[in-house]
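Below, each chain spelled out in residue letters.
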Amino acid sequence: MSSSSSTVQNSEQRLSGTNRRVFIHPSTHYVVGTTGSGKSSSVQEMIRQSDELFSEPIERVVVYLGAPDEGWKNLARADRRVKLYQHLPEPQQIEDMIKSHKGCNLAVIMDDLSTELVSCRDPQLISLFSKISSHFNTSFFVLSQFLFYSQSSGVLRNIQRNAAYLHLYANPRFISDICTISLQLMGPGYSRSFIKMYNIATDPPGGSVIALLHKRNNRKYRFVNGLSLLSGGKVKFYQLQK
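Since we're looking at a predicted model, the values are computed, not measured. (Residues numbered from 1 in each chain as written. Predicted model: local features only at pLDDT ≥ 70, side-chain atom pairs only at ≥ 80, totals over all residues. Heavy atoms only, no water.)

**A closer look at the overall build of the protein chain**
Across its full length, the protein chain carries 10 helices and 11 strands. Per-residue burial for the protein chain yields a buried fraction of 53% across its 242 residues. Here the analysis covers contacts within the protein chain between residues at least 6 apart in sequence; of these, 72% occur between residues at least 24 apart. When the accessible area of the protein chain is evaluated, it comes to approximately 11300 Å², of which 46% is carbon and sulfur surface. (Helix = DSSP H or I, 4+ residues; strand = E, 2+ residues; numbered from the N terminus. Buried < 20%, exposed > 50% of the residue type's maximum accessible area, 1.4 Å probe, protein only. Contact = heavy atoms within 4.5 Å. Areas by Shrake-Rupley, 256 points an atom, 1.4 Å probe, with all protein chains shown as cover.)

Here it is, written out as C-alpha coordinates:
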(Lines give C-alpha, C1' and ligand atoms only; values in the text may rest on other atoms or scores of the structure.)
Protein backbone atom coordinates (compact mmCIF):
# COMPACT_ATOMS: atom_id res chain seq x y z
CA MET A 1 0.00 0.00 0.00
CA SER A 2 1.37 3.37 -1.03
CA SER A 3 0.52 6.67 0.60
CA SER A 4 -0.40 9.67 -1.57
CA SER A 5 -0.55 11.97 1.46
CA SER A 6 -0.44 11.74 5.21
CA THR A 7 -4.23 11.40 5.40
CA VAL A 8 -5.27 9.45 2.27
CA GLN A 9 -3.97 5.97 1.54
CA ASN A 10 -4.38 4.25 -1.83
CA SER A 11 -4.81 0.51 -2.14
CA GLU A 12 -4.66 -0.84 -5.69
CA GLN A 13 -6.04 -4.31 -6.35
CA ARG A 14 -6.55 -6.27 -9.54
CA LEU A 15 -10.10 -7.53 -9.17
CA SER A 16 -11.68 -10.17 -11.36
CA GLY A 17 -14.79 -12.35 -11.36
CA THR A 18 -17.19 -11.82 -8.46
CA ASN A 19 -14.66 -9.60 -6.65
CA ARG A 20 -15.15 -6.85 -9.25
CA ARG A 21 -18.92 -6.78 -8.68
CA VAL A 22 -18.90 -3.91 -6.21
CA PHE A 23 -22.52 -2.86 -6.89
CA ILE A 24 -25.16 -4.89 -5.09
CA HIS A 25 -28.37 -5.34 -7.08
CA PRO A 26 -30.97 -4.05 -6.32
CA SER A 27 -29.86 -0.68 -4.93
CA THR A 28 -30.12 3.08 -5.35
CA HIS A 29 -27.34 5.17 -6.93
CA TYR A 30 -27.06 8.95 -6.64
CA VAL A 31 -24.70 10.33 -9.30
CA VAL A 32 -23.79 13.99 -8.86
CA GLY A 33 -21.51 16.49 -10.58
CA THR A 34 -21.47 19.55 -12.79
CA THR A 35 -22.45 19.51 -16.47
CA GLY A 36 -19.67 17.91 -18.51
CA SER A 37 -18.09 16.12 -15.54
CA GLY A 38 -18.63 12.67 -17.06
CA LYS A 39 -21.73 11.46 -15.19
CA SER A 40 -23.70 10.20 -18.19
CA SER A 41 -20.79 8.62 -20.06
CA SER A 42 -19.65 6.83 -16.89
CA VAL A 43 -23.08 5.38 -16.13
CA GLN A 44 -23.35 4.29 -19.77
CA GLU A 45 -20.05 2.45 -19.35
CA MET A 46 -21.32 0.86 -16.13
CA ILE A 47 -24.26 -0.53 -18.10
CA ARG A 48 -21.92 -1.88 -20.78
CA GLN A 49 -19.85 -3.58 -18.07
CA SER A 50 -22.82 -4.48 -15.86
CA ASP A 51 -22.13 -8.23 -15.94
CA GLU A 52 -18.76 -7.53 -14.33
CA LEU A 53 -19.80 -4.74 -11.93
CA PHE A 54 -23.17 -5.82 -10.49
CA SER A 55 -23.91 -8.72 -8.17
CA GLU A 56 -26.69 -9.83 -10.54
CA PRO A 57 -26.85 -9.46 -14.34
CA ILE A 58 -28.86 -6.43 -15.45
CA GLU A 59 -31.43 -7.74 -17.93
CA ARG A 60 -33.36 -4.58 -18.82
CA VAL A 61 -32.45 -0.87 -18.69
CA VAL A 62 -35.05 1.92 -18.84
CA VAL A 63 -33.66 5.44 -19.23
CA TYR A 64 -35.70 8.62 -18.73
CA LEU A 65 -34.02 11.67 -20.29
CA GLY A 66 -34.56 15.37 -19.77
CA ALA A 67 -32.81 16.18 -23.07
CA PRO A 68 -31.59 14.17 -26.08
CA ASP A 69 -28.23 12.53 -25.47
CA GLU A 70 -26.14 10.92 -28.23
CA GLY A 71 -24.33 8.65 -25.80
CA TRP A 72 -27.57 7.08 -24.63
CA LYS A 73 -28.86 6.86 -28.21
CA ASN A 74 -25.72 5.03 -29.30
CA LEU A 75 -25.97 2.64 -26.35
CA ALA A 76 -29.64 1.91 -27.09
CA ARG A 77 -28.80 1.13 -30.71
CA ALA A 78 -26.00 -1.24 -29.65
CA ASP A 79 -27.69 -2.87 -26.63
CA ARG A 80 -31.19 -4.32 -26.91
CA ARG A 81 -31.62 -4.17 -23.13
CA VAL A 82 -31.76 -0.35 -23.22
CA LYS A 83 -34.97 1.61 -23.86
CA LEU A 84 -35.10 5.43 -23.87
CA TYR A 85 -37.95 7.79 -22.92
CA GLN A 86 -37.88 11.56 -23.26
CA HIS A 87 -39.73 12.78 -20.16
CA LEU A 88 -40.31 12.44 -16.44
CA PRO A 89 -43.19 9.96 -16.18
CA GLU A 90 -46.05 10.02 -13.74
CA PRO A 91 -45.52 7.89 -10.60
CA GLN A 92 -48.12 5.33 -11.69
CA GLN A 93 -46.40 4.95 -15.07
CA ILE A 94 -43.09 4.20 -13.33
CA GLU A 95 -44.69 1.67 -11.00
CA ASP A 96 -46.56 -0.03 -13.85
CA MET A 97 -43.38 -0.20 -15.90
CA ILE A 98 -41.44 -1.78 -13.02
CA LYS A 99 -44.21 -4.29 -12.35
CA SER A 100 -44.29 -5.22 -16.05
CA HIS A 101 -40.65 -6.33 -15.64
CA LYS A 102 -41.40 -8.53 -12.62
CA GLY A 103 -38.90 -11.36 -12.33
CA CYS A 104 -36.31 -9.45 -14.34
CA ASN A 105 -33.22 -7.63 -13.03
CA LEU A 106 -34.09 -4.06 -13.99
CA ALA A 107 -32.13 -0.78 -13.97
CA VAL A 108 -34.05 2.51 -14.10
CA ILE A 109 -31.99 5.62 -14.88
CA MET A 110 -33.06 9.27 -14.74
CA ASP A 111 -30.64 11.61 -16.49
CA ASP A 112 -30.85 15.40 -16.80
CA LEU A 113 -34.15 15.59 -14.92
CA SER A 114 -32.83 17.46 -11.87
CA THR A 115 -34.96 20.56 -12.47
CA GLU A 116 -38.14 18.51 -12.75
CA LEU A 117 -37.29 16.43 -9.67
CA VAL A 118 -36.28 19.45 -7.56
CA SER A 119 -39.60 21.17 -8.25
CA CYS A 120 -41.63 17.99 -7.75
CA ARG A 121 -43.43 17.63 -4.41
CA ASP A 122 -45.65 14.72 -5.40
CA PRO A 123 -45.91 12.52 -2.27
CA GLN A 124 -46.69 9.49 -4.45
CA LEU A 125 -43.40 9.95 -6.33
CA ILE A 126 -41.45 10.40 -3.07
CA SER A 127 -43.02 7.22 -1.68
CA LEU A 128 -42.30 5.29 -4.88
CA PHE A 129 -38.64 6.31 -5.01
CA SER A 130 -38.17 5.35 -1.37
CA LYS A 131 -39.23 1.77 -2.03
CA ILE A 132 -37.97 1.08 -5.59
CA SER A 133 -34.80 -0.76 -4.63
CA SER A 134 -36.12 -2.29 -1.41
CA HIS A 135 -39.45 -3.63 -2.70
CA PHE A 136 -38.79 -4.09 -6.43
CA ASN A 137 -35.98 -5.95 -8.15
CA THR A 138 -34.60 -2.67 -9.51
CA SER A 139 -31.36 -0.72 -9.36
CA PHE A 140 -32.24 2.95 -9.55
CA PHE A 141 -29.88 5.69 -10.80
CA VAL A 142 -30.50 9.43 -10.55
CA LEU A 143 -27.98 11.74 -12.25
CA SER A 144 -28.03 15.27 -10.83
CA GLN A 145 -26.08 18.52 -10.60
CA PHE A 146 -27.15 19.07 -7.00
CA LEU A 147 -25.65 17.45 -3.92
CA PHE A 148 -27.96 19.08 -1.36
CA TYR A 149 -31.38 20.68 -1.56
CA SER A 150 -33.83 22.74 0.43
CA GLN A 151 -36.33 21.00 2.69
CA SER A 152 -39.01 21.52 0.05
CA SER A 153 -37.17 19.41 -2.52
CA GLY A 154 -38.57 16.19 -1.16
CA VAL A 155 -37.93 13.82 -4.09
CA LEU A 156 -34.22 14.41 -4.61
CA ARG A 157 -33.56 14.86 -0.91
CA ASN A 158 -35.11 11.46 -0.25
CA ILE A 159 -33.04 9.80 -2.99
CA GLN A 160 -29.77 11.36 -1.81
CA ARG A 161 -30.35 10.38 1.81
CA ASN A 162 -31.21 6.77 0.94
CA ALA A 163 -28.62 6.06 -1.76
CA ALA A 164 -26.56 2.92 -1.28
CA TYR A 165 -23.97 4.31 -3.72
CA LEU A 166 -22.95 7.95 -3.91
CA HIS A 167 -21.01 8.83 -7.09
CA LEU A 168 -19.20 12.17 -6.72
CA TYR A 169 -17.91 13.88 -9.89
CA ALA A 170 -16.10 17.18 -10.30
CA ASN A 171 -17.74 20.43 -9.28
CA PRO A 172 -15.59 23.31 -7.92
CA ARG A 173 -18.58 24.56 -5.91
CA PHE A 174 -18.89 21.31 -3.97
CA ILE A 175 -16.16 21.89 -1.37
CA SER A 176 -18.44 22.98 1.47
CA ASP A 177 -20.89 20.23 0.54
CA ILE A 178 -18.05 17.69 0.48
CA CYS A 179 -17.22 18.64 4.07
CA THR A 180 -20.84 17.99 5.03
CA ILE A 181 -20.87 14.63 3.24
CA SER A 182 -17.62 13.72 5.00
CA LEU A 183 -19.21 14.45 8.37
CA GLN A 184 -22.29 12.40 7.50
CA LEU A 185 -20.33 9.38 6.26
CA MET A 186 -17.23 9.40 8.47
CA GLY A 187 -17.94 11.56 11.50
CA PRO A 188 -15.78 14.46 12.79
CA GLY A 189 -12.13 14.85 11.85
CA TYR A 190 -12.10 13.43 8.32
CA SER A 191 -13.01 16.47 6.20
CA ARG A 192 -9.40 17.26 5.23
CA SER A 193 -8.65 13.73 4.03
CA PHE A 194 -12.08 13.43 2.36
CA ILE A 195 -11.49 16.61 0.34
CA LYS A 196 -8.01 15.38 -0.66
CA MET A 197 -9.49 12.07 -1.81
CA TYR A 198 -12.20 13.88 -3.77
CA ASN A 199 -9.68 16.19 -5.45
CA ILE A 200 -7.37 13.30 -6.36
CA ALA A 201 -10.17 11.18 -7.80
CA THR A 202 -11.92 13.97 -9.76
CA ASP A 203 -8.81 15.65 -11.14
CA PRO A 204 -8.68 13.60 -14.40
CA PRO A 205 -11.49 14.23 -16.93
CA GLY A 206 -14.44 12.02 -16.04
CA GLY A 207 -12.94 11.17 -12.65
CA SER A 208 -15.07 10.33 -9.64
CA VAL A 209 -15.02 8.82 -6.19
CA ILE A 210 -17.79 6.33 -5.37
CA ALA A 211 -18.90 5.77 -1.78
CA LEU A 212 -19.90 2.12 -1.35
CA LEU A 213 -22.55 2.43 1.38
CA HIS A 214 -24.55 -0.75 0.89
CA LYS A 215 -24.62 -2.93 4.01
CA ARG A 216 -23.24 -5.86 2.01
CA ASN A 217 -20.15 -3.95 0.85
CA ASN A 218 -16.90 -4.34 2.78
CA ARG A 219 -16.59 -1.36 5.12
CA LYS A 220 -12.79 -1.55 4.83
CA TYR A 221 -13.10 -0.54 1.18
CA ARG A 222 -15.68 2.22 1.49
CA PHE A 223 -14.40 4.50 -1.30
CA VAL A 224 -13.36 3.51 -4.84
CA ASN A 225 -11.89 5.51 -7.71
CA GLY A 226 -14.53 5.49 -10.46
CA LEU A 227 -12.13 5.65 -13.42
CA SER A 228 -10.08 2.75 -12.10
CA LEU A 229 -13.23 0.66 -11.64
CA LEU A 230 -14.16 1.09 -15.31
CA SER A 231 -10.63 0.69 -16.70
CA GLY A 232 -10.52 -3.07 -16.49
CA GLY A 233 -7.15 -2.91 -14.72
CA LYS A 234 -6.27 -2.45 -11.08
CA VAL A 235 -9.03 -0.92 -8.98
CA LYS A 236 -8.00 1.86 -6.61
CA PHE A 237 -9.60 2.07 -3.17
CA TYR A 238 -9.10 4.87 -0.65
CA GLN A 239 -8.72 4.58 3.11
CA LEU A 240 -9.01 7.79 5.09
CA GLN A 241 -7.20 8.76 8.26
CA LYS A 242 -7.73 11.69 10.60
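**Focus on the pattern of salt bridges**
Considering all chains together, one arrives at 4 salt bridges under this definition. The shortest N-O distance in the salt bridge between D79 and R81 comes to 2.7 Å. A relative accessible area of 14% means that D79 is categorised as buried. The residue K99 makes a salt bridge to E95 at a minimum N-O spacing of 3.2 Å. One end of the pair, K99, and the other, E95, are both in helix 4 (residues 91-100), 4 residues apart, so they sit about a helical turn from each other. (Salt bridge = Lys/Arg side-chain N within 4 Å of Asp/Glu carboxyl O.)

**Things to note about the packing of helix 8 (residues 175-186) against helix 9 (residues 191-202)**
At a minimum axis distance of 9 Å, the contact between helix 8 and helix 9 shows a crossing angle of 120°. Taken together, the axis directions place helix 8 and helix 9 in an arrangement best described as oblique. You can see that helix 8 and helix 9 cross each other, and the crossing is right-handed. Facing helix 8, whose interface residues are I175, I178, C179, I181, S182, L185 and M186, helix 9 presents S191, F194, I195, Y198 and N199. Among the residues making up the contact of helix 8 with helix 9, the classes are represented as 9 nonpolar, 3 polar and no charged. (Axes fitted to C-alpha atoms, helices over the stretch in contact; angles between N-to-C directions. Parallel < 35°, antiparallel > 145°, perpendicular 65-115°, else oblique. Left-handed = near helix turned anticlockwise from the far one by under 90°. Nonpolar A, V, L, I, M, F, W, Y, C, P; charged D, E, K, R; others polar.)

**Let's talk about the packing of aromatic side chains**
Applying the stated criterion to the full structure yields 6 aromatic pairs. Taking 5.0 Å as the distance between ring centres and 50° as the angle between the ring planes, the aromatic pair formed by Y221 and F237 counts as tilted. One end of the pair, Y221, is in the loop between strand 9 (208-212) and strand 10 (223-225); the other, F237, is in strand 11 (residues 234-240), and 16 residues separate them in sequence. The exposure classification of Y221 matches that of F237, with both residues buried. What links up through ring pairs into an aromatic cluster is the set F23, F54, F141 and Y165. (Phe/Tyr/Trp six-rings, centres within 6.5 Å; stacked < 30°, edge-to-face > 60°.)

**Some words on the nonpolar core**
Most often, soluble globular proteins keep nonpolar side chains buried together rather than apart. Counting 41 residues, the largest nonpolar core has L117, F129 and L168 as the members making the most contacts within it. No other element matches the 5 residues that helix 9 contributes to this core. In contact with L168, not counting residues within four places along its chain, are V32, L147, I178, F194, Y198, T202, G207, S208 and V209. Grouped together as the second largest cluster of nonpolar side chains are 31 residues, I24, V43, L65 and V82 included. (Core = buried A, V, L, I, M, F, W, Y, C linked by side-chain atoms within 4.5 Å.)

**Observations concerning helix 8**
In a regular helix each residue adds 1.5 Å, so 12 residues correspond to 16 Å; helix 8 covers 16 Å between its end C-alpha atoms and thus fits that length. Residues of helix 8 that are buried: I178, I181 and S182. Projection of helix 8 onto a plane perpendicular to its axis shows the buried side chains occupying an angular sector of 105°, all on one side. Turned more than 90 degrees from where helix 8 packs its buried face, S176, L183 and Q184 sit exposed. (Expected span 1.5 Å × (residues − 1). Arc of directions from axis to C-beta.)

**Topic: the packing of helix 1 (residues 39-48) against helix 3 (residues 70-78)**
It is the contact of helix 1 with helix 3, at a shortest axis distance of 10 Å, that shows an interaxial angle of 15°. Comparing the axis directions of helix 1 and helix 3 gives the class roughly parallel. Considering how the two elements wind past one another, helix 1 and helix 3 form a crossing that is right-handed. In this structure, helix 1 uses S40, V43, Q44, I47 and R48 to contact helix 3, whose residues at the interface are G71, W72 and L75. Grouping the amino acids of the contact of helix 1 with helix 3 by side-chain chemistry returns 4 nonpolar, 3 polar and 1 charged.

**A few points about the side chain of N225**
Here N225 lies in strand 10. A polar side-chain atom of N225 sits 2.8 Å from a polar atom in the side chain of Y238. (Polar contact = N/O pair within 3.5 Å; in protein donor to acceptor, adjacent residues only side chain to side chain.)

**Notes on the pairing of strand 9**
Summarising burial for strand 9: 5 of the 5 residues are buried, a large majority. The sheet contact formed by strand 9 and strand 10 spans 3 bridges and is antiparallel. Bridged to I210 within strand 10 is V224. (Pairing = 2+ DSSP bridges.)

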